[in-house]
Amino acid sequence: MVKSCQYFGTAVRVALPPLSLYVHIPWCLSKCPYCDFNSYPRPSDIPETAYVERLLWDLEQETTDLFPPRPLISVFIGGGTPNLLSGAAIARLLGGVRNLIELPADAEITLEANPGAAAAGRFSAYRQAGVNRLSIGAQSLSARHLERIARRHGPADVRSAVDQARRAGFENLNLDLMYGLPGQSLAQACRDLEETLALKPEHISYYQLSLEPDTAFYHAPPPLPDGDLLADMQLQGIEILGAQGFRPYEMSAYAAVGHRCRHNLNYWRFGDYLGIGAGAHGKSTLPVRKRIERRWKLRDPTAYLDRANRDHLIGGKQTLSEADLIAEFALNALRLPEGFDASLFERRTGLPLTGLPIGSTRPAQRAYWCQSRIVGYDQPSSDTDSSTTSFSILHRTSTAGQK
Ligand code: SF4
C-alpha cells in the first residue's frame, strides 16, 4: 500500500508500514530483582475479565485512528506473565481483536509464558485460541543461578513447560536465556546454552543480564562477571548457536531457518504497531494527519482499569520530529546485522535519504555502507547543540566501506 504524502515539507512516496499489535499483561508471580519492565506482583485475584474488556476498549480507540485500515501481521501478548491469564481470557481477547481489526490466518501470534506459572493444560487452550508461537522465559537451566536471580521456577519447570507446549501443538518456540549471571563462569554459561539447545527450540533470545536503574540489583549489585568474561560468553555463545544452525539476526535474537520473529522484525524495520494495556507503547504512521506518532498508555494497572474515558487511557503521545525519525530509525534498523536498504529509510520515515547526513560537510557525521546497504551511522554530539542525539552503531566493520 503506497501513499504519496508530503511529510515534513519533503515530497517522497511513503509506503504504510506493516502493522503489529502489542498487548501488555502487567502481572507476575513476584517482581524479579533485575526487572525494569512495567510488571507488578499479582493481586490475590487477577481481574482478568475486566482487564481483557479494557484491552478491547483500548484497541477500539486505536483502530478509529487507523486510516486507511490495514491488517495485522502479528500479535505479541507480552508482560509481565501473560500465562497468568486463563485460556478463556486469551480466547476472548483474540476473538475481540478479530472483531475489531483484520487478523489473517497466517499472522504470527506470540504469547510470553513463564515456567511454573502455567496451570497444566493452559497451553492447549492458548493454542486453540489461535496463539501459534510461545516465548518461554527460561533464563537459565541451572537451579543455582535461577535462585541467584530470584526466579520462581527451577530447571524442571522449564523442561515441563517445553514439553507441555509441544504436546499442545506448538511448533514455534522461543526460549529466553540470559548470560552474565551472578557468579557465572564461562563453562557454566556454555553449559546453560547447550542444555537449552537440547530442548530443540526454534528460536533463542540470548542476552546479557544488565543492571537497570530502579531495580533491586541496581541498588545492591550482585557479583557479576567482568567485561572480558562477558565478551567470551557472548562470542562462545555465538559459536555454539551457529554450530546448531542458529543464526543471529539481531543483537540477541537467534533463529533456526524460517523462524525469525516477525513481530520483533517489524519493530526493528521501523514498522507500525498498536500498543494496548497498562504502559504499552505504540507507533503509528498517520498519512491523513501527515505525521508519525508515538503514544503510550497509563502504566499503573489500577489507573488503566479505572479510567471512565477512553482518551484518558493515554499516558502521553509525541509526534516524531525529523531528528527523532532519523535517530529512531537508525537505532532500530542498525540492530540488524544486515543493516538496511537505503530505500527503507525513505519509505518508513517519509524523509529523503538526504535526511540522513551522508556526505555531510560535517566530517563527524558518517554513514557506513556495505554492498549498497547502510550498516552503521555516526552522529556525535555537536559542540553548539548539546541536545543532539549521539550514537554510533556499526556492524561488520571489517567489511564495511565508508562513503
Ligand atoms: S517474570 Fe519477567 S516481567 Fe515478571 S518480574 Fe520477572 S523479569 Fe520482570
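Model, not experiment: these values are computed from the prediction.

## A closer look at the site of the ligand
Every residue close to the ligand is listed here: Cys-28, Ser-30, Lys-31, Cys-32, Tyr-34, Cys-35, Phe-37, Ser-39, Gly-80, Asn-114 and Arg-151. Residue composition of the shell around the ligand, grouped by class: five nonpolar, four polar and two charged.

## Structural notes on the packing of aromatic side chains
Think of a pair of aromatic rings as described by two things: how far the centres are apart, and how the planes are tilted against each other in angle. One pass over the full model with this rule turns up twelve aromatic pairs. Seen from their ring centres, Tyr-34 and Phe-217 are 6.5 Å apart, and the 45° between their planes marks the pair as tilted. With Tyr-34 in the loop between β4 (27-28) and β5 (40-41) and Phe-217 in helix α7 (residues 216-219), the pair connects residues that are 183 residues apart, well separated along the chain. The pair Tyr-34 / Phe-217 is uniform in exposure class, with both members buried. Arranged with centres 5.7 Å apart and planes meeting at 50°, the rings of Tyr-51 and Tyr-304 form a pair that is tilted. On the criterion of sequence distance, the pair formed by Tyr-51 in helix α1 (residues 48-64) and Tyr-304 in helix α10 (residues 301-306) is long-range, its members being 253 residues apart. The same class applies to Tyr-51 as to Tyr-304, namely buried. An aromatic cluster of three or more residues is present, and its members are Phe-270, Phe-329, Phe-340 and Phe-345. Across the ring face of Phe-270, the terminal group of Lys-283 is positioned such that the distance to the ring centre comes to 4.2 Å.

## What to know about the environment of Gln-234
Within the fold, Gln-234 resides in helix α8 (residues 227-243). For Gln-234, a relative accessible area of 31% translates into the label partly exposed. In this structure, the C-alpha to C-alpha distance between Gln-234 and Ser-252, residues 18 residues apart in sequence, is 9.5 Å. Among all residues touching Gln-234, those that are not within four sequence positions of it are Tyr-179, Tyr-206 and Met-251.

## Here we look at empty space enclosed by the protein
Inspection of the entire model under this criterion finds one cavity of 30 Å³ or more. Its boundaries defined by the atoms lining it, the largest cavity holds a volume of some 40 Å³. Contributing to the lining of the largest cavity are Asp-65, Gly-282, Lys-283, Ser-284, Leu-286, Glu-293 and Arg-295. For the lining of the largest cavity, the element with the highest residue contribution is strand β14 (residues 281-286), accounting for four residues. A breakdown of the residues in the lining of the largest cavity according to their chemical character gives one nonpolar, two polar and four charged.

## Some points on the pattern of salt bridges
Two side chains that carry opposite charge are able to pair once their charged atoms sit near each other. Within the structure shown, the criterion is met by 15 salt bridges. Close ionic contact of Glu-195 with Arg-159 constitutes a salt bridge, the shortest N to O distance being 3.3 Å. Placement of the pair is Glu-195 in helix α6 (residues 186-197) and Arg-159 in helix α5 (residues 155-167), with a sequence separation of 36 residues. The residue Arg-335 makes a salt bridge to Glu-250 at a minimum N-O spacing of 2.6 Å. One end of the pair, Arg-335, is in the loop between α11 (322-333) and β17 (340-341); the other, Glu-250, is in strand β11 (residues 247-250), and 85 residues separate them in sequence. Here the residues in one salt-bridge network are Asp-58, Glu-62, Asp-65, Arg-291, Glu-293, Arg-295 and Lys-297, joined through shared partners.

## Considerations on α5
Between its first and last C-alpha, α5 extends 19 Å over 13 residues, near the 18 Å set by a 1.5 Å rise per residue. Along α5, the residues that are buried comprise Pro-155, Val-158, Ala-161, Val-162, Gln-164 and Ala-165. Looking at the residues trailing α5, positive phi occurs at Gly-169, about 100°.

## Some details on the confidence of the model for the chain
Mean pLDDT over the chain stands at 87; residues scoring 70 or higher make up 83%. Contacts of residues 1-12 to residues separated by more than four positions or lying in other chains number 39 contacts, the stretch itself having pLDDT below 50. pLDDT under 50 marks residues 359-365. Its contacts with residues more than four places away, or in other chains, come to eight contacts.

## What to know about the packing of helix α2 (residues 87-100) against helix α3 (residues 122-129)
It is the contact of α2 with α3, at a shortest axis distance of 8 Å, that shows an interaxial angle of 10°. In terms of their interaxial angle, α2 and α3 are classed as roughly parallel. Two packed elements cross with a definite hand, and for α2 against α3 that hand is right-handed. Residues Gly-87, Ile-90, Ala-91, Leu-94 and Arg-98 of α2 touch α3, and the partners they reach there are Arg-122, Ala-125, Tyr-126 and Ala-129.

## Quick look at the pairing of strand β3 (residues 19-25)
Each regular strand carries side chains that alternate between the two faces of the sheet. β3 sits mainly inside the fold: seven of its seven residues count as buried. Covered by surrounding structure in β3 are Leu-19, Leu-21, Val-23 and Ile-25 together with Ser-20, Tyr-22 and His-24, the residues of both alternating faces. Pairing geometry for β3 and strand β6 (residues 72-79), over seven bridges, is parallel. Within β6, the residue paired with His-24 across the bridge is Gly-78. Where β3 meets strand β13 (residues 272-276), five bridges bridge the pair, whose relative direction is parallel. Bridging from a neighbouring strand, Ser-20 pairs with Tyr-273 of β13.

Conventions we followed
- Residues numbered from 1 in each chain as written.
- Predicted model: local features only at pLDDT ≥ 70, side-chain atom pairs only at ≥ 80, totals over all residues.
- Heavy atoms only, no water.
- Near = heavy atom within 4 Å.
- Nonpolar A, V, L, I, M, F, W, Y, C, P; charged D, E, K, R; others polar.
- Phe/Tyr/Trp six-rings, centres within 6.5 Å; stacked < 30°, edge-to-face > 60°.
- Helix = DSSP H or I, 4+ residues; strand = E, 2+ residues; numbered from the N terminus.
- Buried < 20%, exposed > 50% of the residue type's maximum accessible area, 1.4 Å probe, protein only.
- Lys NZ or Arg CZ within 6 Å of the ring centre and 35° of its normal.
- Contact = heavy atoms within 4.5 Å.
- 1 Å grid on protein atoms, 1.4 Å probe; cavity = no way out; pocket = protein on both sides within 12 Å on 5 of 7 lines; lining within 4 Å.
- Points joined across faces, edges and corners; volume = space filled by probe spheres on them.
- Salt bridge = Lys/Arg side-chain N within 4 Å of Asp/Glu carboxyl O.
- Expected span 1.5 Å × (residues − 1).
- pLDDT = per-residue confidence, 0-100.
- Axes fitted to C-alpha atoms, helices over the stretch in contact; angles between N-to-C directions.
- Parallel < 35°, antiparallel > 145°, perpendicular 65-115°, else oblique.
- Left-handed = near helix turned anticlockwise from the far one by under 90°.
- Pairing = 2+ DSSP bridges.

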